[in-house]
Amino acid sequence: MVHELGTVGMVCPFPLIEAQKKMVTLDNGDELKIDFDCTQATEAIPNWAAEQGYPVTNYEQLDDASWTITIQKA
C-alpha cells in the first residue's frame, strides 16, 4: 500500500520529521510517497532512508523547486 505525505510548503527539517513520524505507523512492505519543496530534504530524506535500511523505490525532481520520493518500509 502506498501512503502519501504532502509536505510542500514546509520548511526543513519538517518534511523529514513528518516522514519519520508517518513511517512508524506503516506496515513492513508499505511505501511512503513524500512530496516536498525543501532543498535540504533532497539529501536529508534519502540519507535517513539509507540509515534506516528503507529502499527508495522512486525519486524524481518535479520542477525547479519540488521533488517526490517514495520510500519502502522494510
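Treat the numbers as computed from the prediction; the structure is a model and nothing was measured.

Q: Quick question: what am I supposed to make of the environment of Cys-38 here?
A: Position of Cys-38 relative to the elements: it lies in the loop between strand S2 (31-36) and helix H2 (41-52). Overall, the relative accessible area of 8% leaves Cys-38 in the buried class.

Q: I would appreciate a short explanation of the state of the cysteines in the present structure.
A: Note on terminology: a disulfide is the covalent bond linking the sulfur atoms of two cysteines. Tallying each qualifying case throughout the model produces 1 disulfide. Paired through a disulfide, Cys-12 and Cys-38 show a sulfur-sulfur distance of 1.5 Å. Every disulfide takes its handedness from the sign of the S-S torsion; for Cys-12 and Cys-38 that torsion is -85°, giving left-handed. Linking Cys-12 in the loop between strand S1 (2-6) and helix H1 (14-24) with Cys-38 in the loop between S2 and H2, this pair joins segments that are 26 residues apart in sequence.

Q: What is the right way to look at the sheet that holds strand S4 (residues 66-72) in this model?
A: Spatially, the 4 strands line up as an open sheet ordered S1-S2-S4-S3, and their pairing is mixed. Edge strands, defined here as strands with exactly one partner in the open sheet, are S1 and strand S3 (56-63). Put simply, the sheet's adjacent strands are angled 15° from each other on average, direction ignored. Sitting on the sheet, H1 touches S1, S2 and S4, and the angle it makes with S2 is about 165°. Strand contacts of H2: S2, S3 and S4, with the helix running at about 5° to S4, the strand carrying the most contacts.

Here is what the cut-offs are and how they apply
- Residues numbered from 1 in each chain as written.
- Predicted model: local features only at pLDDT ≥ 70, side-chain atom pairs only at ≥ 80, totals over all residues.
- Heavy atoms only, no water.
- Helix = DSSP H or I, 4+ residues; strand = E, 2+ residues; numbered from the N terminus.
- Buried < 20%, exposed > 50% of the residue type's maximum accessible area, 1.4 Å probe, protein only.
- Disulfide = S-S within 2.5 Å.
- Pairing = 2+ DSSP bridges.
- Axes fitted to C-alpha atoms, helices over the stretch in contact; angles between N-to-C directions.
- Contact = heavy atoms within 4.5 Å.

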